[in-house]
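Chains, contacts and geometry: an overview
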Amino acid sequence: MLGWFKKKKKINEDAVPDAAEISRQEKEAGEGGAAEIASHGARETRDLMGAASEELAQKHESRKGLFRRLQEKLAKTRTSLVSRVDELFLGRKEIDAELLDELEEILITADLGVNTTLDLLDEIRGRVTRKELEDPQALKLALKERILTFFEGYGDAEMKLPATGPFVIMVIGVNGVGKTTTIGKIANKFARAGQRVLLVAADTFRAAAIDQLKVWAERVGADVVAKQQGADPSSVIYDALDYAATKDFDVIIVDTAGRLHTKVNLMEELKKIKRVINKKIEGAPHEIMLILDATTGQNSISQAKLFNEAVGLTGLTLTKLDGTAKGGIVVNISHDFNIPIRFIGIGEKLDDLRDFDPKEFIEALFFSDSRQ
Ligand SMILES: Nc1nc2c(ncn2[C@@H]2O[C@H](COP(=O)(O)OP(=O)(O)OP(=O)(O)O)[C@@H](O)[C@H]2O)c(=O)[nH]1
Ligand SMILES: [Mg+2]
């Protein structure tokens, strides 16, 4: 989904050509020259096709593995949402008012929120009245399709590296939601794609926060700029961006202190941080990412609202989806806000951060068995 990791420097370019390249080679071999060359070309092409299809099969296998892992990690939400929906539908042949009322309750308790649930149920009730949905299985499919419409338009909203200069990400959120951990995981993705990454310790509130970021930087092979505890976050950013100007960083990620979205002075400080970044690098920060802890459920909605009003969000990451039955919040957020979800956190490990793919996510929630 997010092709931006490899945009600047291409490393590990595929040795195996894609299908279009293979068919071009085949065509060339078939059209031209001596028979020997053609047969050599054909043999080579066969070898290449063998390798390509093997790689495709491997990719398919690993996609299946990743999907299963996502399903496992979402087990709590799956139990609270999908298993209850399946139970509700079990043995029912038709859709009646009682079934729809029970469905409404399940969706609300799985943290889809009242407005989102009413929106979904209005649509479903209308279609039942028009006799477009006759059995519970069709209803389940309609529910899934309707939910997917909340994510429409995401394709245009991918993060893109600027043509010149570093891509600057400012990471914000309330205390303990997983900002620093997510920064480490994102930095790892960039670093593995061959990008030079700088982390900026603008959370100067606690000494431990600075150390935590340093540990992540070391782990993923990123550079880090930090000052002592209590330093003005803006001054750390000044220093970091001065330093960055002398180096060729592709990505700069700014960690900020956790803050309550309701504290006006702390939100003002965030505006200042944004201004400072913008003064030093035109067009930056390119991404203002709010981290939301999925286990907090409905409170995420007011966090998104207030942080968005203060600094204008360009992306969201929902963490801790592995430990909660409240995964329905993802649906609620996309219904209420037109801010793309970039990543989801499904654990504490380095590779427990997934690019968010709405279709994959909804399927992992709604399918009872692993996809074939
Ligand atoms: N299970 C799980 N734990 C996570 C995930 N993301 C972060 N955590 C854990 O959440 C805790 C808090 O993470 P931090 O990254 O320190 O959170 P923070 O937002 O930087 O916290 P402050 O800087 O204190 O505001 C840590 O124990 C992380 O390991 C996730 O996706 N799943
Ligand atoms: Mg932190």
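Residues numbered from 1 in each chain as written. Chains lettered and ligands numbered in written order. Predicted model: local features only at pLDDT ≥ 70, side-chain atom pairs only at ≥ 80, totals over all residues.

**Regarding the overall build of the protein chain**
Which entries qualify depends on this criterion: Secondary structure elements follow DSSP: runs of H or I of four or more residues count as helices, runs of E of two or more count as strands, with numbering from the N terminus. To sort residues by burial, count the other C-beta atoms lying within 10 Å of each one's C-beta; a count of 20 or more means buried, 12 or fewer means exposed, and anything in between means partly exposed. C-beta atoms are built from the backbone. The contact criterion used here is simple: two residues whose C-beta atoms, placed from the backbone, lie within 7 Å are in contact.
Looking only at helices and strands, the protein chain has 13 helices and 8 strands in total. Looking at the protein chain residue by residue over its 372 residues, the buried ones come to 37%. In the protein chain, of all internal contacts separated by at least 6 residues, the share reaching a separation of at least 24 is 74%.

**Some points on helix H10 (residues 264-280)**
Just so we agree on the cut-off: By definition here, a helix of n residues has an expected span of 1.5 Å times n minus one. By definition, the arc is the one covered by directions from the helix axis to the C-beta atoms.
For H10, with 17 residues, the first-to-last C-alpha span of 25 Å sits near the 24 Å given by 1.5 Å per residue. Of all the positions in H10, only Leu-270, Ile-273, Lys-274, Val-276 and Ile-277 are classed as buried. Along H10, the residues classed as buried sweep out an arc of 160° about the axis, all on the same side. Away from its buried face, by an angle of more than 90 degrees, H10 presents the exposed residues Val-264, Asn-265, Glu-268, Lys-271 and Arg-275. Those residues of H10 hidden inside the fold are in contact with strand S1 (167-172), strand S2 (197-202), helix H9 (233-245), strand S4 (251-256), strand S5 (287-293) and helix H11 (299-311).

**Regarding the nonpolar core**
Generally speaking, soluble globular proteins have nonpolar side chains that are buried together. Cut-off, in case you're wondering: Any nonpolar core is a set of buried residues, restricted to Ala, Val, Leu, Ile, Met, Phe, Trp, Tyr and Cys, that join up through C-beta atoms within 7 Å.
Counting 88 residues, the largest nonpolar core has Leu-199, Val-200 and Ile-253 as the members making the most contacts within it. Leaving out residues up to four positions away in the same chain, Val-200 has contacts with Val-225, Val-236, Ile-237, Ala-240, Ile-252, Ile-253, Val-254 and Asp-255.

**Quick word on H9**
Note: α-helices contain 3.6 residues per turn, so residues at a spacing of three or four share the same orientation. Taking 1.5 Å as the rise per residue, H9 with 13 residues should run 18 Å; its terminal C-alpha atoms sit 18 Å apart, in good agreement. Along H9, the positions that sit buried rather than exposed are Pro-233, Val-236, Ile-237, Ala-240, Leu-241 and Ala-244. What you see down the axis of H9 is that its buried residues fit within an arc of 125°, all on one side. Looking at the buried positions of H9, the neighbouring elements they touch are S2, strand S3 (223-225), S4 and H10.

**A word on the site of ligand 1**
We apply this condition: By convention here, the C-beta atom is placed from the backbone, and a residue is near a molecule or strand when that atom is within 6 Å of it. Note that Gly is not counted as nonpolar here; it falls among the polar residues with everything else outside the nonpolar set of Ala, Val, Leu, Ile, Met, Phe, Trp, Tyr, Cys and Pro and the charged set of Asp, Glu, Lys and Arg.
Residues in close proximity to ligand 1 total 20 residues, the closest being Gly-178, Thr-180, Thr-181, Gly-258 and Gly-345. The dominant element in the shell around ligand 1, judged by the number of residues it contributes, is helix H7 (residues 179-192), at 3 residues. Split into classes, the residues belonging to the shell around ligand 1 amount to 3 nonpolar, 11 polar and 6 charged.

**A look at the sheet that holds S5**
For clarity, the cut-off: One bridge is not enough; two strands pair if DSSP finds at least two bridges between them. Helix axes are fitted only over the stretch in contact, all axes being lines through C-alpha atoms; the angle between N-to-C directions runs from 0 to 180 degrees.
Taken in spatial order, the 8 strands of this open sheet run S3-S2-S4-S1-S5-S6-S7-S8, and their pairing is mixed. Whereas interior strands pair on both sides, the edge strands pair on one side only; in this sheet they are S3 and strand S8 (353-355). Ignoring which end each strand starts from, the neighbouring axes of this sheet average 25° apart. Relative to S4, S1 runs parallel, the two being bridged by 5 bridges. Note that in S4 the partner of Val-171 across the bridge is Asp-255. In the packing of H9 onto the sheet, contacts are made with S2, S3 and S4, and the angle to S2 comes to roughly 160°.

**A few points about the environment of Leu-103**
Looking at the secondary structure, you find Leu-103 in helix H4 (residues 97-112). Looking at Leu-103, the number of C-beta atoms within 10 Å reads 23, which means it is buried. Residues Leu-103 and Phe-89, 14 residues apart in the sequence, show an inter-C-alpha distance of 9.3 Å. When neighbours within four sequence positions are excluded, Leu-103 is seen to be in contact with Val-85 and Leu-88.

**Comments concerning the confidence of the model for the protein chain**
Defined as follows: Within a predicted model, pLDDT stands for the predictor's per-residue confidence, ranging from 0 to 100.
The predicted model of the protein chain averages 85 in pLDDT, with 81% of residues at 70 or higher. Per-residue pLDDT stays below 50 along residues 9-41; that stretch engages in 24 contacts with residues further than four places along the chain or on separate chains.

**Quick look at the pairing of strand S6 (residues 315-319)**
Rules: The handedness rule is simple: strands pointing away from the viewer, and a clockwise path from the first strand over the helix to the second, make the crossover right-handed.
Burial of S6 is extensive: 5 of the 5 residues sit out of reach of the surface. Residue alternation in S6 divides its side chains into two sets, Gly-315, Thr-317 and Thr-319 and Leu-316 and Leu-318, and both sets are buried. The sheet contact formed by S5 and S6 spans 5 bridges and is parallel. Looking at the pairing, Met-289 lines up with Gly-315 of S6. The parallel pair S5 and S6, bridged by H11, forms a crossover whose chirality is right-handed. Sheet topology note: the S6/strand S7 (residues 341-345) ladder contains 3 bridges and is parallel. In the sheet register, Leu-318 faces S7, and the bridge partner there is Ile-344.

**As for the packing of helix H3 (residues 75-89) against H4**
Inclusion rule: Angles are sorted into four bins: roughly parallel if under 35 degrees, roughly antiparallel if over 145, roughly perpendicular if 65 to 115, and oblique for all others.
Look at H3 against H4: their axes get within 10 Å of each other, and the N-to-C directions meet at 175°. Relative to H4, the element H3 lies roughly antiparallel. Packed against H3, whose contacting residues are Thr-77, Ser-80, Leu-81, Arg-84, Val-85 and Leu-88, the element H4 presents Leu-99, Glu-102, Leu-103, Ile-106 and Ala-110 at the interface. A per-class count over the contact of H3 with H4 returns 7 nonpolar, 2 polar and 2 charged.

**Some details on the packing of H11 against helix H12 (residues 329-336)**
Test applied: In this scheme the crossing of two helices becomes right-handed for a clockwise turn of the near helix relative to the far one and left-handed for an anticlockwise turn of less than a right angle.
Where H11 meets H12, the axes come as close as 10 Å, and the angle between the chain directions of the two elements is 35°. For the pair H11 and H12, the sense of crossing is right-handed. Of the residues in H12, those in contact with Ser-300, Ile-301 and Ala-304 of H11 are Ile-329, Asn-332, Ile-333 and Asp-336. Residues that form the contact of H11 with H12 fall into these classes: 4 nonpolar, 2 polar and 1 charged.

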